[in-house]
2 protein chains.
Amino acid sequence: MPDLAGGTIPGMDGAAGRRGRRTSGPTLHDVAREAGVSVATASRAFNGSSTRNVKPEYISRVLAAAERIGYQPHLSAQAIALGSTRTAALVVSDIDDPYFSSIAAGVITAAQAQRLIPTVAIADRSPDRELQIVRTLRGQRPRVIIIAGSRIDGSGTDGALSEELEAYQAAGGRVVLVSQEGLPFSTVAIDNGGGARALAEALVGRGYRRFGVLCAAPAIRTSHDRCGGFLAGLAAAGVPDPTVVETAFTRAGGYDATHELLRGGRPTVDAVVAVNDVMAIGAMTAIRDAGLVPGRDVGVAGFDDISWCADLDPALSTVAVPLHEVGVTAMRLALGDDRGVRVVPVATSVVLRDSTPPR
Amino acid sequence: MPDLAGGTIPGMDGAAGRRGRRTSGPTLHDVAREAGVSVATASRAFNGSSTRNVKPEYISRVLAAAERIGYQPHLSAQAIALGSTRTAALVVSDIDDPYFSSIAAGVITAAQAQRLIPTVAIADRSPDRELQIVRTLRGQRPRVIIIAGSRIDGSGTDGALSEELEAYQAAGGRVVLVSQEGLPFSTVAIDNGGGARALAEALVGRGYRRFGVLCAAPAIRTSHDRCGGFLAGLAAAGVPDPTVVETAFTRAGGYDATHELLRGGRPTVDAVVAVNDVMAIGAMTAIRDAGLVPGRDVGVAGFDDISWCADLDPALSTVAVPLHEVGVTAMRLALGDDRGVRVVPVATSVVLRDSTPPR
DNA sequence: TACGCCCTGGAAAACGTATTCCAACACGTT
DNA sequence: AACGTGTTGGAATACGTTTTCCAGGGCGTA
């Protein structure tokens, strides 16, 4: 097919590429030609190379030409030439969960502030998926990879994941984990244990004694830590062992477990405490469906302080985690000069509202 | 500033690249060498080029070599060679808002299913920011750009935005807008007007007559359409004109406006209807803060049916929008064969719950 | 046995940008 | 006026991949 030279059908393909290749948009060559300078000069005009000056007149001429033909530098080409991209990868379990979307908001905002392009992947709460994602992520050559999942201990993929991340780091990448201490990478460590412990003390202080604790599979680190902290707090306060129910780490899990807990008709617990807010919200609905009034008949508390806790009725008692800040911190940690593993603690604070009135 | 190359101290950089350039990870060359074949063959071994076969033995040898040295193809380099990337860009106003995070979940999931890399940008509800984002997005050369913002009419940037997107499309990109009819691009059109109209009829059917309508600035298209639809529905039902209050398109806006509306002590309206759920949630809280009971004293309704509507007390009446599906549809539309502008309608449906009991 | 064809591997070019190296030039000093 | 120095533009090369083009080998047919 020696069609080239556009001789065939000169209509249609207008600005299309030299060799029939569908080239997308004007290139630096085009700008240079338009401005009457060399590509080298054009390139320098944009990102004024250190150690080199380009005559102001040329700069403005190049900039004008670029503006005129609508040039935008090809980021992939830059990445190739420079040897490093300007993308930052974020892996979350489920972007539709307010816990993750708040963290994501922080990460993305921080990334944009650094002129980085944030990419986000959803792992669907599956360690296998997470591993697979990280693997393909490496092809992207992002500057940083931030993983805000629910670390699952002993999931079998941990070794492979570490290995993958290790290789990524060896190639110059930066890894930051959110709330997943235990793997050998920099981490934003949410004080889950301490917060849960403080919550236990606060609730005992308000007169609660018989607790139903809703936690997820013990392999889910976050749940494990929160649950453990809460139990420790109870023990320290000399309160008898609570009823611990294991369920899914979701709103539905909270609903189901509470439904089960309340089966007998009259409640056997003073309060239901869930390891996160969405579970607690499910619990509140289950309490209502059982014909009881959350807060009055059964106290309810969660964890995270997602944004609409205060808009519930009764407003939900919880442990506040500065999620947005967690995201920003993760990004800052990833971009910091400090190579090597660092753990940045993030404090949590108990917020008592009407869902756990004094009793 | 970029770390002025460790070139001075020759120690340190171990596995670094040939010319001191900080090369990230093994390349196809390395794989080829390791497998004892040429780069061409190695490349073909991975993505078995059409019109070419490579001997099975070589394929497995290459794959084994790649596995051994932990090779991942450099996506930027592929993008350069192929002339097109595998990224899909999503622009949202605020990822922390459940409306957008649900749509984002749909878009991202659909993108991943197509092995595309989703990038997301946050426009912070600012048209200027949005324009700026789209501009820099073009440098990314994404296959598709999906914009789920709150189109703001007459914001002054509309022309420039269209121009930018037009240029992007001309270069082979695909643009899809979510719920922003009016611009000359393919759109997933949420039936805001129809849904609002149906809501009006349903509420009138339940006995409500005096409405307080909370909408945002008329320039915000979504708000405008919903508000207009609701008023039309009321008019059609022969109900007297409601009190329309203009406020911010957020939870705080809903709260403030309702607070104002209820100032006189005894409510002058039967129901408060907000143009989205987060505003309605703010309204419910304001109603409570005024010493009234939402649902019983004042009906409340929203729009979107974000996930926790049913967990509120009273459960929030609203107009359901299949947000996840909207995201998926946007992606499908973007990837479809069909060039040219298409508008895919998405139906909405009224969901009456306890926040608007029969009156 | 010779010819031609299909098949497959390798060398080289291309993608768009940044940068190194070289040449040309202006300017100040002697 | 000659020389050195500092500055600036342009050609060429590199980045990692895909793809084209070319050459060599195996095989069937005449």
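Residues numbered from 1 in each chain as written. Chains lettered and ligands numbered in written order. Predicted model: local features only at pLDDT ≥ 70, side-chain atom pairs only at ≥ 80, totals over all residues. Heavy atoms only, no water.

Secondary structure assignment for chain A yields 12 helices and 12 strands. Its C-alpha atoms give chain A a radius of gyration of 27 Å, clearly above 21 Å, the size a compact globule of 359 residues would have. Seen along its three principal axes, the alpha-carbon backbone of chain A occupies a region of about 85 × 45 × 40 Å. A total of 359 residues make up chain A; the buried ones form 52% of that total. Excluding contacts between residues fewer than 6 apart, the proportion of contacts in chain A whose partners are at least 24 apart in sequence is 75%. When the accessible area of chain A is evaluated, it comes to approximately 15,600 Å², of which 53% is carbon and sulfur surface. The positive charge centre, built from 36 side chains, and the negative charge centre, built from 37, are 8 Å apart in chain A. (Helix = DSSP H or I, 4+ residues; strand = E, 2+ residues; numbered from the N terminus. Rg over C-alpha atoms; globule rule 2.2 N^0.38 Å. Buried < 20%, exposed > 50% of the residue type's maximum accessible area, 1.4 Å probe, protein only. Contact = heavy atoms within 4.5 Å. Areas by Shrake-Rupley, 256 points an atom, 1.4 Å probe, with all protein chains shown as cover. Lys, Arg positive; Asp, Glu negative; His and termini not counted. Charge placed at Lys NZ, Arg CZ, Asp CG, Glu CD.)

So, about the sheet that holds strand 6 (residues 211-215) of chain B. Residue and element names in this part refer to chain B. Strands sit in the order 7-6-8-9 across an open sheet of 4 strands; the sheet is parallel. The open sheet terminates on both sides in strands that have one partner only, identified here as strand 7 (243-246) and strand 9 (299-301). For this sheet, the mean inter-axis angle between neighbouring strands, taken without regard to orientation, is 15°. Bridge analysis of strand 6 against strand 8 (residues 271-274) gives 4 bridges, and the strand direction is parallel. (Pairing = 2+ DSSP bridges. Axes fitted to C-alpha atoms, helices over the stretch in contact; angles between N-to-C directions.)

Bringing helix 11 (residues 277-289) of chain A into the picture now. Residue and element names in this part refer to chain A. With 13 residues, helix 11 should cover 18 Å at 1.5 Å per step; its first-to-last C-alpha distance of 18 Å lies within 8% of that length. A large share of helix 11 lies buried, amounting to 12 of its 13 residues. Taken as a whole, helix 11 has its buried residues at D277, V278, M279, A280, I281, G282, A283, M284, T285, A286, I287 and R288. Buried residues in helix 11 make contact with helix 5 (98-113), strand 6 (211-215), helix 10 (251-261), strand 8 (271-274), strand 9 (299-301) and strand 10 (318-320). Downstream of helix 11 by a residue or two, G291 has a phi angle that is positive, lying close to 85°. (Expected span 1.5 Å × (residues − 1).)

Taken together, the contact pairs 51 residues of chain B with 51 residues of chain A. Both sides together, the interface formed by chain B and chain A hides about 4,400 Å², and carbon and sulfur atoms give 49% of it. Looking only at chain B, the three residues that lose the most surface to chain A are Q72, R141 and D311 of chain B, adding up to 15% of its buried area. Linking chain B to chain A there are 4 salt bridges. Residue D311 of chain A pairs with R251 of chain B through a salt bridge whose shortest N-O separation is 2.7 Å. Taken together, chain B and chain A are joined by 20 residue pairs in polar contact (both at pLDDT 80 or more). For the side of chain B that touches chain A, the secondary structure elements donating two or more residues are helix 4 (75-82), helix 5 (98-113), strand 2 (117-122), helix 6 (127-140) and helix 11 (277-289) of chain B. (Buried area = accessible area lost by both parts, 1.4 Å probe. Salt bridge = Lys/Arg side-chain N within 4 Å of Asp/Glu carboxyl O. Polar contact = N/O pair within 3.5 Å; in protein donor to acceptor, adjacent residues only side chain to side chain.)

Moving on: the relation of the copies chain B and chain A. Screw-axis analysis of chain B against chain A gives a translation of 0.0 Å along the axis, an RMSD of 0.1 Å, and a rotation angle of 180°. Both chain copies can therefore be described as sitting about a two-fold axis. Distance from the rotation axis, computed per C-alpha, reaches its smallest value in chain B at T119 of chain B: 2.0 Å. When the interface residues of chain B are mapped onto chain A, 100% of them again fall at the interface, so both copies present the same face. (Least-squares fit on C-alpha atoms with pLDDT ≥ 70 in both.)

If you check the shell around DNA strand C, you find 31 residues, and the closest are L28, Y71 and Q78 of chain A together with R52 and I80 of chain B. In the model, a phosphate oxygen of DNA strand C is placed 2.8 Å from a nitrogen or oxygen of the Y71 of chain A side chain. The contact in question runs from a phosphate oxygen of DNA strand C to an N or O atom on the backbone of S38 of chain B, over 3.0 Å. Mapped by element, the contributors of at least two residues to the surface near DNA strand C are helix 1 (28-35), helix 2 (39-46) and helix 4 (75-82) of chain A together with helix 2 (39-46) and helix 4 of chain B. Per element, the largest residue contribution to the surface near DNA strand C is 5 residues, and it comes from helix 4 of chain A. A per-class count over the surface near DNA strand C returns 14 nonpolar, 10 polar and 7 charged. (Near = heavy atom within 4 Å. Nonpolar A, V, L, I, M, F, W, Y, C, P; charged D, E, K, R; others polar.)

Another aspect to go through is the pattern of salt bridges. Using the criterion set out here, one finds 32 salt bridges over all chains in the structure. With a shortest N-O distance of 2.9 Å, R226 of chain A and D304 of chain A are connected by a salt bridge. Of the two residues, R226 of chain A is situated in helix 9 (residues 221-236) and D304 of chain A in the loop between strand 9 and strand 10; the sequence distance between them amounts to 78 residues. The class for D304 of chain A is buried, based on a relative accessible area of 3%. Where E57 of chain B meets R61 of chain B, a salt bridge forms, and the shortest distance between an N and an O atom there is 3.4 Å. Of this pair, E57 of chain B and R61 of chain B are both found in helix 3 (residues 56-69), 4 residues apart, which corresponds to roughly one turn of the helix. We classify E57 of chain B as partly exposed; its relative accessible area is 45%.

This part covers the protein's contact with DNA strand D. Every one of the 31 residues lining DNA strand D counts as a neighbour, but R52, N53 and I80 of chain A together with L28 and S43 of chain B are closest to it. Atoms of DNA strand D within 4 Å of the protein belong to the sugar or the phosphate in 63% of instances, the rest to bases. With respect to DNA strand D, the side chain of S43 of chain B contributes an N or O atom lying 2.7 Å from a phosphate oxygen. One of the side-chain nitrogen or oxygen atoms of Q78 of chain B is found 2.8 Å away from a phosphate oxygen of DNA strand D. Of the residues forming the surface near DNA strand D, the biggest block, 5 residues, is contributed by helix 4 of chain B.

Another aspect to go through is the nonpolar core. As a rule of thumb, nonpolar side chains are buried together in soluble globular proteins. Core analysis: the largest hydrophobic core is formed by 156 residues, its most contacted members being F211 and F230 of chain A together with F211 and F230 of chain B. Apart from the residues within four sequence positions on either side, F211 of chain B is in contact with L203, V204, F230, L234, V239, P242, T243, V269, A271 and V273 of chain B. (Core = buried A, V, L, I, M, F, W, Y, C linked by side-chain atoms within 4.5 Å.)

All names here are of chain B. The topology assignment puts R174 in strand 4 (residues 174-178). Note on R174: relative accessible area 13%, which makes it buried. At a separation of 2.9 Å, a polar atom in the side chain of R174 contacts the main-chain carbonyl oxygen of G336. Look past the residues within four positions of R174 in its chain and what remains in contact with it is R143, V144, I145, Y168, L333, A334, G336, D337, D338 and R339.

Residue and element names in this part refer to chain B. Among the 6 residues of strand 2, 6 are classified as buried, and the element is accordingly described as predominantly covered. Direction of pairing for strand 1 (residues 87-92) relative to strand 2: parallel, over a ladder of 6 bridges. Bridge pairing in strand 2 places L90 opposite V120. With respect to chirality, the unit in which strand 1 leads through helix 5 into the neighbouring parallel strand 2 is right-handed. (Right-handed = clockwise from strand over helix to strand, strands pointing away.)

Here the focus is the sheet that holds strand 7 (residues 243-246) of chain A. Residues and elements named next belong to chain A. Reading across the sheet, the 4 strands line up as 7-6-8-9 and stay open at both edges, with parallel pairing between neighbours. If you trace the sheet from one side to the other, it starts and ends with strand 7 and strand 9, each paired once. Along the sheet, successive strands turn relative to each other by an average axial angle of 15°, direction set aside. Two elements, strand 8 and strand 9, share 3 bridges in a ladder whose sense is parallel. What sits directly across from V272, in strand 9, is V300. Contacts from helix 9 reach strand 6, strand 7 and strand 8, with the element oriented near 160° to strand 6.

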